[in-house]
Amino acid sequence: MISCSFVQKLIMNKFFLFFLLIPFFGNAQILFPDSEFLEYYRVLEMKNEKSQKRLGVFPSIVGHYETDAIEWNVWSEYYNPNKRGNRRVSFESVRMTNFYNSNYARGYNDGALWKGKGLTSSFQAGVTGKIGKIEFSFAPIVYFSQNSDFGLAESNSNTHMYNYRFNRTIDFVQRYGEESFVQFNLGQTGLYLVHKGFSIGVSTQNITWGPAQRSPMLLSNNAAGIPHVELGTHTPLKTRIGTLEYKLYWGQLNESNYYDDNEKNNSRFWTGFAFAYNPVFLPGLTLGFNRVFYKKGEEFTNSDLLISFWRFNNRNDTPNRNDEFDQMGSATIRWLFEEVGFEAYLEFGKNDFGGKLILSTEPEHARGYTLGFSKYLDIKESGILKLTYEHTTIDKAKSGLYRGHNSWYAHNVVEQGYTMDGQILGAGIGPGSNTDYFDGQYFYKKGRIQLSAQRIRFNDDYFITNITDKYRHDHEWTVEVGYSRFIHNIMVGMRAGLSFRENMYYELENSKKNVSIGFDISRRIKI
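Residues numbered from 1 in each chain as written. Predicted model: local features only at pLDDT ≥ 70, side-chain atom pairs only at ≥ 80, totals over all residues. Heavy atoms only, no water.

Draft legend 1. Main features of the overall build of the chain. Scanning the chain from N- to C-terminus turns up four helices and 27 strands. The buried share of the chain, taken over its 527 residues, is 60%. Across the chain, the fraction of contacts at a sequence separation of at least 24, relative to all contacts at a separation of at least 6, is 67%. Of the roughly 22600 Å² of accessible surface on the chain, 58% is carried by carbon and sulfur atoms. (Helix = DSSP H or I, 4+ residues; strand = E, 2+ residues; numbered from the N terminus. Buried < 20%, exposed > 50% of the residue type's maximum accessible area, 1.4 Å probe, protein only. Contact = heavy atoms within 4.5 Å. Areas by Shrake-Rupley, 256 points an atom, 1.4 Å probe, with all protein chains shown as cover.)

Draft legend 2. Expanded view of the nonpolar core. Formed by 53 residues in total, the largest nonpolar core has its most connected members in Trp 209, Trp 270, Tyr 409 and Tyr 418. Of all the secondary-structure elements, those providing two or more residues to this core are strand 7 (141–145), strand 11 (207–209), strand 14 (242–254), strand 15 (267–279), strand 16 (285–296) and helix 4 (460–466). Counting residues in each nonpolar core, the second largest holds 21 residues, with Phe 37, Trp 75, Tyr 79 and Phe 486 among its members. (Core = buried A, V, L, I, M, F, W, Y, C linked by side-chain atoms within 4.5 Å.)

Draft legend 3. Seen up close, the packing of aromatic side chains. Applying the stated criterion to the full structure yields 39 aromatic pairs. Of the aromatic side chains, those joined through ring pairs into one cluster are Phe 37, Tyr 40, Trp 72, Trp 75, Tyr 78, Tyr 79, Phe 443 and Phe 486. The lysine or arginine in question, Arg 501, covers the ring of Tyr 104, its NZ or CZ lying 5.9 Å from the ring centre. (Phe/Tyr/Trp six-rings, centres within 6.5 Å; stacked < 30°, edge-to-face > 60°. Lys NZ or Arg CZ within 6 Å of the ring centre and 35° of its normal.)

Draft legend 4. Molecular detail of the pairing of strand 10 (residues 198–203). A one-sided burial pattern is seen for strand 10, the buried positions being Ser 199, Gly 201 and Ser 203 and the unburied ones Phe 198, Ile 200 and Val 202. Across six bridges, the pairing between strand 9 (residues 190–195) and strand 10 is antiparallel. When the bridges of strand 10 are listed, Tyr 192 appears paired with Gly 201. Taken together, strand 9 and the strand that follows it, strand 10, pair antiparallel across an intervening segment of two residues, in which Lys 196 is found at a positive phi of about 50°. (Pairing = 2+ DSSP bridges.)

Draft legend 5. Fine view of helix 2 (residues 36–47). Taking 1.5 Å of rise per residue, twelve residues should cover 16 Å, and helix 2 covers 17 Å from first to last C-alpha, within 8% of that figure. The buried fraction of helix 2 amounts to eleven of the twelve residues, a majority that puts the element mostly inside the structure. Glu 36, Phe 37, Leu 38, Glu 39, Tyr 40, Tyr 41, Arg 42, Val 43, Leu 44, Glu 45 and Met 46 are the residues of helix 2 that are buried. (Expected span 1.5 Å × (residues − 1).)

Draft legend 6. Structural detail: the pairing of strand 23 (residues 434–444). Burial within strand 23 is extensive, with nine of its eleven residues counted as buried. Pairing between strand 20 (residues 383–393) and strand 23: ten bridges, direction antiparallel. Paired with Leu 385 across the two strands is Tyr 442, which belongs to strand 23. Bridge count for strand 23 against strand 24 (residues 447–457) is eleven bridges, and the pairing is antiparallel. Within the sheet, the bridge partner assigned to Asn 434 lies in strand 24 and is Arg 457.

Draft legend 7. Inspection of empty space enclosed by the protein at higher detail. All chains considered together, the criterion is met by eight cavities of 30 Å³ or more. Size it by volume and the largest cavity reaches roughly 770 Å³. Along its surface, the largest cavity is lined by 47 residues, and Asp 34, Glu 39, Asn 109, Arg 214 and Tyr 437 are the ones closest to its centre. Elements supplying a minimum of two residues to the lining of the largest cavity: helix 2, strand 1 (57–59), strand 20, strand 23, strand 24, strand 25 (475–487), strand 26 (490–502) and strand 27 (512–523). In terms of residue class, the lining of the largest cavity is made up of 14 nonpolar, 18 polar and 15 charged. The computed volume of the second largest cavity comes to approximately 510 Å³. Ala 105, Tyr 108, Phe 172, Gln 174 and Gly 428 are the residues nearest the centre of the second largest cavity, which is lined by 33 residues in total. Its residues assigned to classes, the lining of the second largest cavity shows 18 nonpolar, nine polar and six charged. (1 Å grid on protein atoms, 1.4 Å probe; cavity = no way out; pocket = protein on both sides within 12 Å on 5 of 7 lines; lining within 4 Å. Points joined across faces, edges and corners; volume = space filled by probe spheres on them. Nonpolar A, V, L, I, M, F, W, Y, C, P; charged D, E, K, R; others polar.)

Draft legend 8. Seen up close, the confidence of the model for the chain. Within the chain, residue pLDDT values average 86, and 86% of them lie at 70 or more. The low-confidence segment residues 2–28, where pLDDT is below 50, has 47 contacts with residues more than four positions distant or belonging to other chains. Predicted confidence is poor over residues 316–322, with pLDDT under 50, and the contacts of this stretch with residues over four places away or in other chains come to nine contacts. (pLDDT = per-residue confidence, 0-100.)

Draft legend 9. Inspection of the side chain of Asn 222 at higher detail. Positionally, Asn 222 belongs in the loop between strand 11 and strand 12 (228–233). If near-sequence neighbours (up to four positions away) are discounted, Asn 222 is found in contact with Gly 107, Tyr 108, Asn 109, Asp 110, Gly 111, Gln 423, Ile 424, Gly 426 and Gly 428.

Draft legend 10. Geometry of the environment of Tyr 462. Examined against the element boundaries, Tyr 462 turns out to sit in helix 4. Overall, Tyr 462 belongs to the buried group, its relative accessible area being 15%. If we skip the residues at most four places from it in the chain, Tyr 462 touches Arg 165, Phe 166, Ile 467 and Tyr 506.

Here's what the structure looks like:
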């Protein structure tokens, strides 16, 4: 991290840079996490039946997908996602965000950003290109965090003072030190060799697995993208039996500066695969399966490269039946009914060698799940209303009371858990938690209006085993409103939220209110 003495110059210079570069930026294919355009792309896929749909892998670079079949596009005056034609290099969107939390750190699905108390300000921009069989993107992010002080739960001898208090085996940072800082990340950057619908590449971009929109269980936009190598289908592959998508991954998870002082364990080896299938006889149905493994980086061996294909049981020769790997898997179902504008989806996951996925006496053991649906309603001729409900549960089931297993994203052997630079790679609500999320978005010719509400009950795994007072759940309710509008070719967005957190850190009557305010500017140019 860069010292705060650099901050004032950075903030002043990025405004100058933004206006300097505006005339040179062209059609965008990068969907930055937590942006209006990422949400709008979901609507485009639903409303345009002939467009090629993403199946189970949702990358941030959508130039990989054929989008010439776009017939419905309410933002067509400002945003055209069609192919770049013969251009080899395309300057992409510029996005600036400013976000303020009044009382404590809060932020989800915003990539490498960490929204602490006070002001968080970011700048993102990039280029994409294609030269022969080579495709590339360079879209880094730099952000400033005021990182003001707020009350944290008391630490103990097993945890860093800024790390998570309620599970010592996870690198889940609650505050990034005691000073303001500037952070740089490569963001949505990648380089690929593409041949006949397949590719191999290196990337740091954010990737979401599965259909969940708020809380994907295995891979989401909640943390920085994993530096990785990937191999598989470059776009969904059409066959006689249906459309297939398959990706293999090998990457590195990095420890934050706020877990321990052991420099030898700062990285973890990560591998996995994502598979999705859309049968030709059920064109609206997509079935998927995802799996990840990670272990201590210093213990990596060549035999680990393909472990996701052959390792399905825990080894019995390790202490307390804990394996040197942690692993998670999930099965997904998504069913689109385009003719009526409706989709329903489910992700059912198993944690830490939890046994058979479904065919067992206790299929709920070590389980977690996300289920949800969205309804798309045409409003007059030029608008659409998207309504979404999603529920996620990743706490221990009843069998966890007598058959021990780790909480989701934590592990007794790979002690930093399933995190990247101190943020969770899956559902941002964290270990042992559950949530309900309601969202309404109205897209019209000039922009978007959004209203959302969320309920989170934090870490029931800790609550059940450590809290005797049944009324001391750590609970949060949040309502947010957002308004985004095109002004000429610039998208200006504003949002405001109010959160009520009851019994924070399981302390009776330790209730907090948090007001959040956001302002962002994105630059897009019609082709």
